[in-house]
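Here is how the chains run, residue by residue.
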Amino acid sequence: MHGPNDRSGPTGSARPTVGAGATGSAHPAVPGAPAGAAGAADRSVPPTPAHGPVPAGADEPARRSAPAGTTHRAPAADGPARRAVLAAGFATAFAAPLTRPSAARAAGRADSPGRGAPSAGAAHAPPDLQPYASYWFPDTPPPGTPPPGVVWRGLARWRPEDDPDLPFNRSSVPLAPRFTPPPRDGARAGQARISALVSFAPTSGHPSQGGPTADHYAFTHWARLDELVFWGGSSGEGLILAPTAPVVDAAHRHGVPVLGTVFLPPAAFGGRLEWTRDLLRRGPDGGFPLAGRLAAVARAYGFDGWFLNAETEGGDARLGADMRDFVAHLSASGLRVTWYDALAISGDVAWQNELNDRNDAFFRAASTMFVNFGWTRGGLRSSGERAEAMGRDRYELWAGVDVEARGWDTPVDWDAVLPPDRPHVTSLGLYRPEWTWKQATDRSPAAFHARDDRFWTLTDGTWRAPAASVADRSTLTALPFATVFNTGHGLGWYERGRPVPSGPWHHLGLQDRLPGRRRVTSGPDPAPSVGYDFADAWHGGGSLLVAGPLPEPATVELYAARLPLSPSTVVELTYRRDAGSSPVRVEFVADAGDGRAGVLAAGRAGPAWTTVTVRAGALLRGRARGTLRTLGVRLTAPGGGPVRWRLGRLAVRDGVPKPPGRPDRPEITAAAVRPDGTAALRLAWRASAGTVRHYELRQRLPGGGLRFLGGTCGHASYVPELRRTAGEAVTCVEVRAVDELYASSAPAVVRFRWPNPNSR
């Protein structure tokens, strides 16, 4: 993706790379450097050709080693350096990937010598069973040998039945339908939408099933998002990146489609025109076999489509026409396809920064188009008009805004995209909003979420938060519904309010449907804070904490909903107050569809977790049926003092469904014991009978205790570190199914027998 130069678009003139692209390591912006400053005084970013991008991460080439066939830097040329942020994936070619053998990564890989070979002396090392996100070249890998830990594979040879990591990468949560409630605070419905391009981890080193750290981009503002692009790809690892199951499961639970990435990089950064021709190769029937493979990958993995970024130079009109037909062929498979404004129909790479006659053929063939960052007011206005003249929605155009380097300090001409006094001009495309995590000095979960909340919801200075312009959406349409405010990571694991032996963890598939509003609608000024906290939980990793002075009652709106309400409907709230908090009186607040806020008493908070059941049917006021349109609470501190009140669970149900059946036929499909005495396991099982939200794995401890090992929405899981306890010969691992109300099945047990050291 190409950055602006002399245009007056959202980010001003070009600036040097300050992030590390898809590698996950970021670097602070140059203090005091305005947007457009080259920043060359303290960086080794060489000047580039007028149409040559600088890859993210190119500011530290001395610390990285490039694989054969790639180029460290762009050649020097006259003119200012220019930024191409969608070349960011190239930086991963220089990253230090996690070293691992290739035995478990054999699916569809390209034949090349030395791929993933273990280092000398590692012949007797146990295999690394960790499954990773899948990535490919179209067909032909680059010349030479891949870096350690990287496996070069060709999509042309991929088959789902040969993919050993598919069970770990397959999403299990269908894309939820959602609705738009009445907008709040000036946000609008039916106009601009938001797409986000996010790099969660390096292309070749993204674990499929979370990991043993809380330091992760656990995104929660799904209510504002219309599309997530799982960003990555590089010329040194692979150009095609499929999203991981946890990301897709979390997004789908909130009604957000997820796209994988196809990245054809500039030649200056390792791109090869033969890769574009491989992708566009036609079959005997005139079709595109690799378009079929891309569609097959999306169906097998359970995600929704592809983001296409073609930036390799050297094409001609024939290549441009083939690319147009390829996009149409891929779209005809029923997938979402977002086209990036780089390749022109002439076959040249020519960033237009608008929709015009050089790129509208691709927009016509695709679902949406991401307009390059150098847009102008006039260019966006004419783009919207052109889209409508084509019979398309102007909001199918994403006006690109690059926030990777400066986050909420990014200069943006907001009124060119989202004017407050007239209809929005186009939709908004945010490149790398995980800046809130990667550039943070404190990446603890609570600090990250506070920072991410600021980015998405707080308009401050020149920053206009997305929540100020774009209405939220909700998926709360059916019962039963429950949340324990699990954000998908934590410093520990809790069950029924008690910590369970575990450790830090992340897995976005375990994330709940989270409140899309989470705000005080009436009460004191200043209002108490409402945020996620990780010091205690009812179940999972965290809880919702309301903290601050409460001289008068405060109403906290949490969810917009369309939940059916009957006389038998009940609401359950599990809460407590922290030590030192003033007493808190709790009430459940909801709009029951009659336009009036209903308030029902829900008890008083004490120091211990308490579950209170409220008969929500009382809100019907004599009607036979109704609809819960909002869910919230009202808190009162009788003495008016400061409070710290935690909500650990909120559930709405009509009855108590039967718990799911136990998982069927669990088995250990692979195991490896390490020299330190721990073991890595791959497990699989068949689906439980009944409705299952996710599965949880625990290790039985001598004496009757349990250790939390992880969870997943699918039917396969990876345990990175099983620890032997008290010299036991056999360790029992439980797998339980968990339903929407967090009721668990009986355990299915699988046994792992430790090797006898005396038998070696």
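Position labels on residues start from 1 in each chain and follow its written sequence. Where local features are concerned, this predicted model is filtered to residues with pLDDT of at least 70; where side-chain atom pairs are given and counted, the filter is 80 or more; whole-chain, interface and lining totals use all residues. Only hydrogens and water are removed before side-chain values are computed, so all heavy atoms of the structure are retained for them.

**Quick word on the overall build of the chain**
Right, on to step 1. Where helices and strands are cited, they refer to DSSP runs of H or I of at least four residues and of E of at least two residues respectively, numbered from the N terminus. Along the chain, the regular secondary structure elements total 10 helices and 33 strands.
Right, on to step 2. We call a residue buried when its accessible area falls under 20% of the maximum for its residue type, exposed when it is over 50%, and partly exposed in between, using a 1.4 Å probe and counting protein chains only. Relative to its 760 residues, the chain shows a buried fraction of 62%.
Right, on to step 3. Taking as baseline every contact in the chain between residues at least 6 positions apart, the subset at least 24 positions apart corresponds to 78%.
Right, on to step 4. Carbon and sulfur atoms make up 52% of the accessible area of the chain, which amounts to about 26,500 Å² in all. Contacts between residues were defined by any pair of non-hydrogen atoms, one from each residue, lying within 4.5 Å. Where accessible areas are quoted, they stem from the Shrake-Rupley method and a 1.4 Å probe; at the residue level, only the protein chains shown are allowed to cover.

**Focus: the side chain of S581**
Right, on to step 1. With respect to the helices, strands and loops of the structure, S581 is situated in the loop between β21 (570–577) and β22 (584–591).
Right, on to step 2. Look at S581 and you get buried, because its relative accessible area is 9%.
Right, on to step 3. Any N or O atom pair separated by 3.5 Å or less is treated as a polar contact, with the protein-specific requirement of one donor-capable and one acceptor-capable atom, and with residues adjacent in sequence counted only for side-chain atom pairs. Within the structure, S581 has its side chain in polar contact with the backbone nitrogen of R644 (distance 3.0 Å).
Right, on to step 4. Ignoring sequence-local partners within four residues, the contact set of S581 consists of P642, V643 and R644.

**Notes on the sheet that holds strand β32 (residues 730–738)**
Within a beta sheet, neighbouring strands are joined by backbone hydrogen bonds and run either parallel or antiparallel to one another.
Right, on to step 1. Pairing within the open sheet is antiparallel, and its 4 strands lie in the order β30-β29-β32-β33. Every other strand in the sheet has two partners, leaving β30 (706–712) and β33 (748–753) as the edge strands with one partner each. Across the sheet, the axes of successive neighbouring strands diverge by a mean angle of 25°, strand direction being ignored.
Right, on to step 2. Think of it this way: DSSP has to see at least two bridges between two strands before they count as a pair. Note that β32 and β33 share 6 bridges and pair antiparallel. Bridged to V733 within β33 is V750. Here the axes come from fitting lines to C-alpha atoms, over the contacting stretch only for helices, and the angles between their N-to-C directions go from 0 to 180 degrees.

**Structural notes on the nonpolar core**
Right, on to step 1. Counting 106 residues, the largest nonpolar core has L228, W306, M323, F326 and W339 as its most contacted members.
Right, on to step 2. Per-element accounting of this core gives the leading share, 8 residues, to helix α4 (residues 289–301).
Right, on to step 3. The contact partners of M323, leaving out residues within four places of it in the chain, are L264, T276, L280, A310, W339, L343 and F362. We call a set of buried residues a nonpolar core when its members are Ala, Val, Leu, Ile, Met, Phe, Trp, Tyr or Cys and they connect through side-chain atoms within 4.5 Å of each other.

**A closer look at the environment of A624**
Right, on to step 1. For A624, the location among the structural elements is in the loop between β24 (610–615) and β25 (626–636).
Right, on to step 2. The class of A624 is exposed, set by a relative accessible area of 58%.
Right, on to step 3. Beyond its immediate sequence surroundings of up to four residues, A624 is in contact with S566 and P567.

**A short note on the sheet that holds strand β23 (residues 597–605)**
Right, on to step 1. Pairing within the open sheet is antiparallel, and its 5 strands lie in the order β16-β20-β25-β22-β23. For this open sheet the edge positions go to β16 (519–522) and β23, each flanked by a neighbour on one side alone. Neighbour-to-neighbour, the strand axes of the sheet open up by a mean angle of 35°, direction not taken into account.
Right, on to step 2. Here β16 pairs with strand β20 (residues 554–565) via 3 bridges, running antiparallel. Each residue of the ladder has a partner; that of V520, found in β20, is V556.

**What to know about the packing of aromatic side chains**
Right, on to step 1. Pairing of aromatic rings covers Phe, Tyr and the six-membered ring of Trp, with a centre-to-centre limit of 6.5 Å; geometry is then stacked below 30 degrees between planes, edge-to-face above 60, and tilted otherwise. With the rule as written, the count across this model stands at 35 aromatic pairs.
Right, on to step 2. Considering the side-chain rings of F137 and W275, the 5.0 Å spacing of their centres and the 40° angle between planes classify their relative orientation as tilted. Of this pair, F137 sits in the loop between β1 (135–136) and α1 (166–169) while W275 sits in helix α3 (residues 273–280), and the two are 138 residues apart along the sequence.
Right, on to step 3. Counting every residue linked through ring pairs, the aromatic cluster contains F200, Y217, F219, W222, F230, W414, W437, F448, F455, W456 and W463.

**Quick look at the pattern of salt bridges**
Right, on to step 1. For this analysis, a salt bridge means a side-chain nitrogen from Lys or Arg found within 4 Å of a carboxyl oxygen belonging to Asp or Glu. Across all of its chains, the model carries 50 salt bridges by this definition.
Right, on to step 2. Taking the shortest distance from any N to any O, the salt bridge between D472 and R517 comes out at 2.9 Å. Residue D472 is located in the loop between α10 (445–457) and β11 (481–483), and its partner R517 is located in the loop between β15 (505–506) and β16; the two are separated by 45 residues in the primary sequence. Comparing D472 with R517, the two get one shared label, buried.

**Some points on helix α7 (residues 377–389)**
Right, on to step 1. Helices are assigned an expected span. That span is 1.5 Å times one less than the residue count. With 13 residues, α7 extends 19 Å between its outermost C-alpha atoms, agreeing within 8% with the 18 Å of an ideal straight helix rising 1.5 Å per residue.
Right, on to step 2. Along α7, the positions that sit buried rather than exposed are G379, L380, S383, G384 and A387. Down the axis of α7, the sector holding all buried residues measures 135°, keeping them to one side.
Right, on to step 3. Residues of α7 that are buried make contact with α6 (360–365), β9 (397–402) and α8 (414–417).
Right, on to step 4. Directly after α7, the chain includes G391, whose backbone phi takes a positive value near 80°. When we speak of the arc, we mean the arc of directions from the helix axis to the C-beta atoms.

**Examining the pairing of strand β26 (residues 642–653)**
Right, on to step 1. For β26, a buried count of 10 out of 12 residues is recorded, marking the element as mostly surrounded by other parts of the structure.
Right, on to step 2. With 3 bridges connecting them, β11 and β26 associate as antiparallel partners. Looking at the pairing, T483 lines up with L650 of β26.
Right, on to step 3. Bridge analysis of strand β19 (residues 543–549) against β26 gives 6 bridges, and the strand direction is antiparallel. Following the sheet pairing, L544 is matched in β26 by L647.
Right, on to step 4. Across 8 bridges, β21 lies against β26 in antiparallel orientation. Each residue of the ladder has a partner; that of L573, found in β26, is L650.

**Section: the pairing of strand β10 (residues 427–431)**
Right, on to step 1. In terms of burial, β10 is largely enclosed, as 5 of its 5 residues are buried.
Right, on to step 2. Side chains of β10 alternate between two faces, with S427, G429 and Y431 and L428 and L430 buried alike.
Right, on to step 3. Relative to β10, strand β2 (residues 194–198) is paired through 4 bridges, and the arrangement is parallel. Across the sheet, the residue bridging to A196 is L430, located in β10.
Right, on to step 4. Across 5 bridges, β9 lies against β10 in parallel orientation. Residue V401 lies in a different strand from β10, and its bridge partner there is L430.

**Here we look at the packing of α4 against helix α5 (residues 317–332)**
Describing two packed helices takes the angle between their axes plus the distance from one axis to the other.
Right, on to step 1. Two elements in contact, α4 and α5, have axes whose closest approach is 9 Å; the angle formed by their N-to-C orientations is 35°. For the pair α4 and α5, the sense of crossing is right-handed. On α5, the residues touching L290, A291, L294 and A295 of α4 are F326, H329 and L330.
Right, on to step 2. Tallied by class, residues from the contact of α4 with α5 come to 6 nonpolar, 1 polar and no charged. What makes a crossing left-handed is the near helix being turned counterclockwise from the far one by less than a right angle; a clockwise turn instead makes it right-handed. Any residue that is not Ala, Val, Leu, Ile, Met, Phe, Trp, Tyr, Cys, Pro, Asp, Glu, Lys or Arg is counted as polar, Gly included; the first ten are nonpolar and the last four charged.

**Points about the environment of D165**
Right, on to step 1. Examined against the element boundaries, D165 turns out to sit in the loop between β1 and α1.
Right, on to step 2. In the structure, D165 is positioned 35 residues away from Q130 in sequence and 9.1 Å away in space, judged by C-alpha atoms.

**Thoughts on the confidence of the model for the chain**
Right, on to step 1. Every residue gets a pLDDT, meaning the predictor's confidence in that residue, from 0 to 100. Summary statistics for the chain give a mean pLDDT of 86 and a share of 83% for residues scoring 70 or more.
Right, on to step 2. Ignoring residues within four places in sequence, the model shows residues 2–124, a span with pLDDT below 50, making 343 contacts including any to other chains.

**Brief notes about α5**
Right, on to step 1. Across its 16 residues, α5 extends 23 Å between first and last C-alpha, which sits within 8% of the 22 Å expected from 1.5 Å per residue.
Right, on to step 2. Where α5 is concerned, the buried positions are L319, G320, D322, M323, F326, V327, L330 and S331.
Right, on to step 3. The secondary structure elements touched by the buried residues of α5 are β5 (258–264), α3, α4, β6 (305–310), β7 (336–340) and α6.
Right, on to step 4. G334 sits one or two positions beyond α5 and adopts a positive phi of about 95°.

**Here we look at the environment of P207**
Right, on to step 1. Mapped onto the elements, P207 comes out in the loop between β2 and β3 (227–230).
Right, on to step 2. According to the relative accessible area criterion, P207 is partly exposed, its value standing at 23%.
Right, on to step 3. Residues P207 and A133, 74 residues apart in the sequence, show an inter-C-alpha distance of 6.2 Å.
Right, on to step 4. Discounting chain neighbours no more than four positions away, the residues touching P207 are Q130, P131, Y132 and T244.

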